[in-house]
Amino acid sequence: MSSLLEAYVQTEDFDITQEYQNLRENNSESGAFVSFLGQVRDFNEGDNVSSLELEHYPGMTEAVLNKLLQEASNRWAISRAKIIHRVGALKASDKIVWVAVSSAHRADAFAACEFLIDALKTQAPFWKKERGKQGERWLDAKDSDQAKARQWMK
Amino acid sequence: MITLLYFARYREALGLDSEQFSITCPCSVQDVIEQLKQRGEPWLSILADSKLMLAVNQTIATPDQALTDGDELAFFPPITGG
C-alpha cells in the first residue's frame, strides 16, 4: 500500500495538536507515531539570538522534501509522513520544522523520522540568518550535521 | 539564455537574486563560472568559495555539467535549515 506523504514550506505557524490529530485520524492501521519539532533557540555558539531569517529556494526545496519522503517510504514501512518547514522571519522559541511519521511498529517510525530530519538539514535548500545583540550573520553548515546525514547513506 | 540564481550570503554580497545570462552551446557550468569571474569582485570571491554549491534545474550539480538554453543555474552556500 502506498504511504500518504506531504511536504509544506510556509511562512505561517502550525498547530502541533492539530497536526497530531490529523496524523491519527482514520489511521487505525498505525500503532506508532513519532514526531520531531525544531524551534528557534535563543543562543547559538555562545551568542544571544533574538530572531532568525529563513531563506529557501522555491521549487527545489519542495522537490527535495518530496524526494526524501519518497525515500523514507521506500526504506521503511511507514503509513504516513509529513514535513512542515517555515521560512521568513522567526523569533526565539518560534517553531521552525515539523516532521511526523506513523507506522505499524515503532522501529520504522523512529528511523524514518530521524532520517527525514537529518537528510533535510543537509539536502533541502534552506539558509538561516541570525540576528542578536552582536548584529546579524549567516550560519555556517555544521560538520556534525553532515556526519549525521552520512550515517543514513547506504 | 539561461537564468542564474543566487541565494543567501551570495545574494546579499552581489545585491542580486537572479539574472538572465547568455550562453553559446555547447557550454558547461564551468564555462559560465569562468565568464562570471571576469566581472571581478564580488563574483571572484564567491565563485572561489570552496563551499560553493551548484544546482542545475533544481538538482545538485557539478561544474562539468552541460547547460542548454532555458536552464536554471543556482549558486548557493551550504544548507543550514531544519
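Preceding this paragraph is the structure being described.
It should be emphasised that the depicted structure is a prediction, and the values quoted were computed from it without experimental measurement.

A.B. asks: Looking at this model, I keep getting lost on the overall build of chain B. Mind explaining?
C.D. replies: In terms of helices and strands, chain B carries three helices and seven strands. Counted from the first residue to the last, chain B has its helices and strands arranged as β-α-β-β-α-α-β-β-β-β. Projected onto the principal axes, the alpha-carbon positions of chain B cover approximately 35 × 30 × 20 Å. Across the 82 residues that make up chain B, the buried fraction comes to 46%. Considering only contacts within chain B whose residues lie at least 6 apart along the sequence, 55% involve residues at least 24 apart. When the accessible surface of chain B is totalled, it reaches about 4000 Å², and 51% of it is carbon and sulfur. A distance of 10 Å separates the average location of the 5 positive side-chain charges in chain B from that of its 11 negative side-chain charges.

A.B. asks: Just to check I follow, could you spell out the overall build of chain A for this structure?
C.D. replies: The helix and strand tally for chain A stands at four helices and 10 strands. Ordered by position in the sequence, the α and β elements of chain A form the string β-α-β-β-β-β-α-β-β-β-α-β-β-α. The C-alpha atoms of chain A give a radius of gyration of 16 Å, which matches the 15 Å a tight globule of 154 residues would have. Burial status across chain A gives 48% buried among its 154 residues. Considering only intrachain contacts with a sequence separation of at least 6, the fraction spanning at least 24 residues in chain A is 78%. For chain A, the exposed surface amounts to about 7900 Å²; the carbon and sulfur share of it is 48%.

A.B. asks: What am I meant to see in helix 3 (residues 106-123) of chain A here?
C.D. replies: Count 3.6 residues to each turn of an α-helix, and residues three or four apart come out pointing the same way. Residues and elements named next belong to chain A. In a regular helix each residue adds 1.5 Å, so 18 residues correspond to 26 Å; helix 3 covers 25 Å between its end C-alpha atoms and thus fits that length. Looking only at helix 3, the buried set comprises Ala 109, Ala 111, Ala 112, Cys 113, Phe 115, Leu 116, Ile 117, Asp 118, Ala 119, Leu 120 and Thr 122. In this structure, the buried side of helix 3 is in contact with strand 2 (32-39), helix 2 (60-75), strand 6 (78-86), strand 8 (95-103) and helix 4 (143-150).

A.B. asks: So what exactly am I meant to see when it comes to the pattern of salt bridges here?
C.D. replies: Any two side chains of opposite charge can pair, given that their charged atoms come close. Residues and elements named next belong to chain A. Taken as a whole, this structure holds 15 salt bridges over all chains when the rule is applied. The salt bridge partner of Glu 19 is Lys 82, with a shortest N-O separation of 2.9 Å. With Glu 19 in helix 1 (residues 16-24) and Lys 82 in strand 6, the pair connects residues that are 63 residues apart, well separated along the chain. In terms of burial, Glu 19 and Lys 82 fall into one category: buried. Taking the shortest distance from any N to any O, the salt bridge between Arg 137 and Glu 130 comes out at 3.1 Å. With relative accessibility at 29%, the residue Arg 137 sits in the partly exposed group. On the accessibility criterion, Glu 130 (6% relative accessible area) is buried.

A.B. asks: I tried to follow the nonpolar core on my own but got confused; where do I start?
C.D. replies: Counting residues in each nonpolar core, the largest one holds 45 residues, and the members touching the most others are Tyr57(A), Leu116(A) and Phe76(B). Excluding residues that lie within four positions of it along the chain, Tyr57(A) makes contacts with Glu62(A), Pro125(A), Trp127(A), Leu5(B), Phe7(B), Ala55(B), Gln58(B), Glu72(B), Ala74(B) and Phe76(B). Core analysis: the second largest hydrophobic core is formed by 22 residues, Cys27(B), Val29(B), Ile33(B) and Leu54(B) among them.

A.B. asks: Even after reading the chapter, I still don't get helix 1 of chain A, so can you show me in this structure?
C.D. replies: The backbone nitrogen of Thr17(A) has a side-chain oxygen 2.9 Å away, supplied by the residue at the start of helix 1 of chain A, namely Asp15(A). The positive-phi residue at the C-terminal boundary of helix 1 of chain A is Asn26(A), with phi of around 50 degrees.

A.B. asks: Sorry, what's going on with unusual backbone geometry here?
C.D. replies: Keep in mind that most residues, glycine aside, have a negative phi and that most peptide bonds are trans. In this model, Cys25(B) is joined to Pro26(B) through a cis peptide bond whose omega is 0 degrees. Here Pro26(B) lies in the loop between strand 2 (18-21) and strand 3 (27-28). Here the amide bond leading from Glu41(B) into Pro42(B) is cis, since omega sits at 0 degrees, within 30 degrees of zero. When you line up the elements, Pro42(B) lands in the loop between helix 2 (29-37) and helix 3 (43-48). Although it is not a glycine, Asn26(A) adopts a positive phi angle of roughly 50 degrees. Summarising the element assignment, Asn26(A) is placed in the loop between helix 1 and strand 2. Judged by relative accessible area, which is 71%, Asn26(A) ranks as exposed. Although it is not a glycine, Ser93(A) sits at a positive phi angle of roughly 75 degrees.

Conventions and cut-offs
Residues numbered from 1 in each chain as written. Chains lettered and ligands numbered in written order. Predicted model: local features only at pLDDT ≥ 70, side-chain atom pairs only at ≥ 80, totals over all residues. Heavy atoms only, no water. Helix = DSSP H or I, 4+ residues; strand = E, 2+ residues; numbered from the N terminus. Buried < 20%, exposed > 50% of the residue type's maximum accessible area, 1.4 Å probe, protein only. Contact = heavy atoms within 4.5 Å. Areas by Shrake-Rupley, 256 points an atom, 1.4 Å probe, with all protein chains shown as cover. Lys, Arg positive; Asp, Glu negative; His and termini not counted. Charge placed at Lys NZ, Arg CZ, Asp CG, Glu CD. Rg over C-alpha atoms; globule rule 2.2 N^0.38 Å. Expected span 1.5 Å × (residues − 1). Salt bridge = Lys/Arg side-chain N within 4 Å of Asp/Glu carboxyl O. Core = buried A, V, L, I, M, F, W, Y, C linked by side-chain atoms within 4.5 Å. Polar contact = N/O pair within 3.5 Å; in protein donor to acceptor, adjacent residues only side chain to side chain.

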